[in-house]
Amino acid sequence: MSSRKERNQAARVVREQLAREKRRKRTLWTSVGAVVVLVIAGLIGWSVYSSQKSDTFTAPPGANDAGTGVVLGTGPVTIDLYEDYLCPVCKEFQQTSGETINQLVSSGKAKVVFHPVAYLNRFSTTEYSTRSSAASGCAAKGGKFKEFTDALFAQQPPEGSAGLSNDQLIDIGAGVGLNKDDFGSCVKDGTYTAWTEHVTEDASKDGVTGTPTLKVNGTAVSDRSPAGITAAVEAAGK
Amino acid sequence: MGVTAARTPAGRWPVVRPRLGLAARLGLAAVWLFAGGAKVGDLAASGRAVNAYQVMPYEVATAIGAALPFVELALGLLLLAGLATRLSAGISAALLVVFIAGIASAWARGLAIDCGCFGSGGQLAAGQAPSYLPEILRDLGFLALAGFLLIWPRSPYSVDGWLAGDPPVEEDDDE
């Protein structure tokens, strides 16, 4: 009797061992599968991003040598402005300090390098940041970058909206004196979309993480008030 | 009465635990699906959000920023299906620890950035205060969900349970 009991017990131990082994294998294979899924997901993200990036760009006339912004004026001190046409704080900044910067440029104290970065594409449903920045390249081609920029900030659409349509951008361009046919086809063809990407990526590389960012001779200036800008330019010009 | 009051919660634990497990699993799945979904539409911006932490070179930050939304979505789907739950919970916990460390270090270094956890991200406009503490507390809450699943990965309506052929409430401590 006791030997049968022992046999039964031994069989149960073997069954349990087999079950444990089976469970271990199942866990191993589901884990391997899950890791493969995660790695593939990461590679998909990386390759999607790489394929979205364009390698070549054409900078518009009036851009700096690096092709990262449009130059206004010829003064000895360089003011770098990084702005997104959709950014409400940029609009405020233009309203409060735009005139001061204009004066610094027209009096020959400073030149401005305006970087129309597309940081806020997620805040419009139509990638307005990229479209408006590329359109500003078209405006630079037509020699009206400053006028077009001022008009875009004056008619800034709200964040979260569809932004202005290409037709509206073209009308604004025509309103500041651009040739409607040339400018219109440039906007519609997205001639400067790759340039916008280059401007945006270069700004990120330079540590510009938000808009507006103001630099005077390469140093970030946190006081963006008229007095702050004037003081920074005076100090840099000495 | 004191004895029954003390015994009841312990007696109900086997019934409550699978439900809590299911809630934790679906909750954490939702977190990852929302976090990944918010970022997947603009991978360049996701890279900028990572770069804003200033802890790695720009090229590395953009590669991680591009891969992260897809990894988050995949983690969310694995948890939603309940496949390799313990491993997914472990990876979730590891990611959350990295995020919390990143936010804490941004805080300690005095950076003024948005964590970029659910889209947005990058430097804040002047006058906008960063909300590091709520972000860290929120991530700690998510970490608690992941921790629960690490300890008790088995929950009802999961592929893991189906593969094991278990009734959903079975004790399973050696997965």
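What you see is a predicted model, and the numbers here were worked out from it, not measured in a lab.

Reading guide: rules and limits
- Residues numbered from 1 in each chain as written.
- Chains lettered and ligands numbered in written order.
- Predicted model: local features only at pLDDT ≥ 70, side-chain atom pairs only at ≥ 80, totals over all residues.
- Heavy atoms only, no water.
- Helix = DSSP H or I, 4+ residues; strand = E, 2+ residues; numbered from the N terminus.
- Buried < 20%, exposed > 50% of the residue type's maximum accessible area, 1.4 Å probe, protein only.
- Contact = heavy atoms within 4.5 Å.
- Buried area = accessible area lost by both parts, 1.4 Å probe.
- Salt bridge = Lys/Arg side-chain N within 4 Å of Asp/Glu carboxyl O.
- Polar contact = N/O pair within 3.5 Å; in protein donor to acceptor, adjacent residues only side chain to side chain.
- Pairing = 2+ DSSP bridges.
- pLDDT = per-residue confidence, 0-100.
- Axes fitted to C-alpha atoms, helices over the stretch in contact; angles between N-to-C directions.
- UniProt positions renumbered as here; feature names shortened; annotations may be inferred.
- Parallel < 35°, antiparallel > 145°, perpendicular 65-115°, else oblique.
- Left-handed = near helix turned anticlockwise from the far one by under 90°.
- Nonpolar A, V, L, I, M, F, W, Y, C, P; charged D, E, K, R; others polar.

1. Let's talk about the environment of B:D114
Residue and element names in this part refer to chain B.
Moving on, step 1. Note that D114 resides in strand β1 (residues 113-114).
Moving on, step 2. The exposure class of D114 is partly exposed, given its relative accessible area of 21%.
Moving on, step 3. With 18 residues separating them along the chain, D114 and Y132 place their C-alpha atoms 8.3 Å apart.

2. Comments concerning the interface of chain A and chain B
Moving on, step 1. Between chain A and chain B, the contact holds 31 residues from the first and 34 residues from the second.
Moving on, step 2. Carbon and sulfur atoms supply 65% of the area that chain A and chain B bury against each other, a total of about 2700 Å² over both sides.
Moving on, step 3. Sorting the residues of chain A by area buried against chain B places A:L38, A:R122 and A:T209 first, and these three jointly supply 25% of that buried surface.
Moving on, step 4. Connecting chain A to chain B are one salt bridge.
Moving on, step 5. When the shortest N-O distance is used, the salt bridge between B:E59 and A:K205 registers 3.8 Å.
Moving on, step 6. At the boundary of chain A and chain B, one finds three residue pairs in polar contact (both at pLDDT 80 or more).
Moving on, step 7. Looking at the side of chain A that touches chain B, the elements that each hand over two or more residues are α1 (2-52) and α7 (193-205) of chain A.
Moving on, step 8. For the side of chain A that touches chain B, the element with the most residues is α1(A), which contributes 18 residues.

3. Describing the pattern of salt bridges
Moving on, step 1. Under the definition given, this model contains 11 salt bridges over all chains.
Moving on, step 2. One salt bridge connects A:D171 with A:K180, and the closest N-O pair in it is separated by 3.0 Å.
Moving on, step 3. Owing to a relative accessible area of 43%, A:D171 belongs among the partly exposed residues under this scheme.
Moving on, step 4. Through salt bridges with shared partners, one network takes in A:K53, A:E201, A:K205 and B:E59.

4. Observations regarding the pairing of strand β2 (residues 77-83) of chain A
All names here are of chain A.
Moving on, step 1. Burial runs high along β2: seven of the seven residues are buried.
Moving on, step 2. Here β2 shows two buried faces, one formed by V77, I79, L81 and E83 and the other by T78, D80 and Y82.
Moving on, step 3. As paired elements, β2 and strand β3 (residues 110-116) share seven bridges and run parallel to each other. Among the inter-strand pairings, D80 is bridged to a residue of β3, identified as V113.

5. Topic: the confidence of the model for chain B
Moving on, step 1. Overall, the prediction assigns chain B a mean pLDDT of 85, with 82% of residues at 70 or greater.
Moving on, step 2. Segment residues 1-6 of chain B: pLDDT under 50, and zero contacts once partners within four positions in sequence are set aside and those in other chains are kept.

6. Details of the sheet that holds β2(A)
Residue and element names in this part refer to chain A.
Moving on, step 1. Taken together, the five strands give an open sheet; going across it, the order is β1-β3-β2-β4-β5, and neighbouring strands pair in mixed fashion. Whereas interior strands pair on both sides, the edge strands pair on one side only; in this sheet they are β1 (70-72) and β5 (219-220).
Moving on, step 2. Bridge count for β2 against strand β4 (residues 213-216) is four bridges, and the pairing is antiparallel. Bridge pairing in β4 links L81 to L214.
Moving on, step 3. Docked against the sheet, α7 engages β1, β2 and β3, running at close to 110° with respect to β3.

7. Examining the UniProt feature "transmembrane region" (unreviewed entry) in chain B
Residue and element names in this part refer to chain B.
Moving on, step 1. According to UniProt, the positions carrying the feature "transmembrane region" (unreviewed entry) are residues 20-40, 60-80 and 87-108.
Moving on, step 2. Structurally, residues 20-40 is divided into 100% helix and 0% strand, and its ends, taken at the C-alpha atoms, are 30 Å apart.
Moving on, step 3. Here residues 60-80 runs as 100% helix and 0% strand, with 30 Å between its end C-alpha atoms.

8. Quick notes on the UniProt feature "transmembrane region" (unreviewed entry) in chain A
Moving on, step 1. Mapped onto the present numbering, the UniProt feature "transmembrane region" (unreviewed entry) falls on residues 28-49 of chain A.
Moving on, step 2. Secondary structure content for residues 28-49 of chain A is 100% helix and 0% strand, while the C-alpha to C-alpha distance between its ends is 32 Å.

9. A look at unusual backbone geometry
Residue and element names in this part refer to chain A.
Moving on, step 1. Between T211 and P212 the backbone carries a cis peptide bond, its omega angle lying at -10°.
Moving on, step 2. Within the secondary structure layout, P212 lies in the loop between α7 and β4.
Moving on, step 3. The backbone of N217 sits at a positive phi, close to 50°, despite the residue not being glycine.
Moving on, step 4. If you trace the backbone, N217 turns up in the loop between β4 and β5.

10. Details of the packing of helix α4 (residues 85-108) of chain B against helix α5 (residues 132-151) of chain B
Residue and element names in this part refer to chain B.
Moving on, step 1. Interhelical geometry of α4 versus α5 gives an angle of 160° and a closest axis separation of 8 Å. With respect to α5, the element α4 is oriented roughly antiparallel. Here α4 and α5 pass one another in a crossing that is left-handed.
Moving on, step 2. For the contact of α4 with α5, a count of residues per class yields 20 nonpolar, three polar and three charged.

11. With respect to the packing of helix α3 (residues 128-141) of chain A against helix α6 (residues 180-189) of chain A
All names here are of chain A.
Moving on, step 1. Two elements in contact, α3 and α6, have axes separated by 9 Å at closest approach and are oriented at 150°. What the angle tells us is that α3 and α6 run roughly antiparallel. In this structure, α3 meets α6 at a crossing whose hand is right-handed. Contacts from A135, C138 and A139 in α3 reach F183, C186 and V187 in α6.
Moving on, step 2. Grouping the constituent residues of the contact of α3 with α6 by class yields six nonpolar, no polar and no charged.

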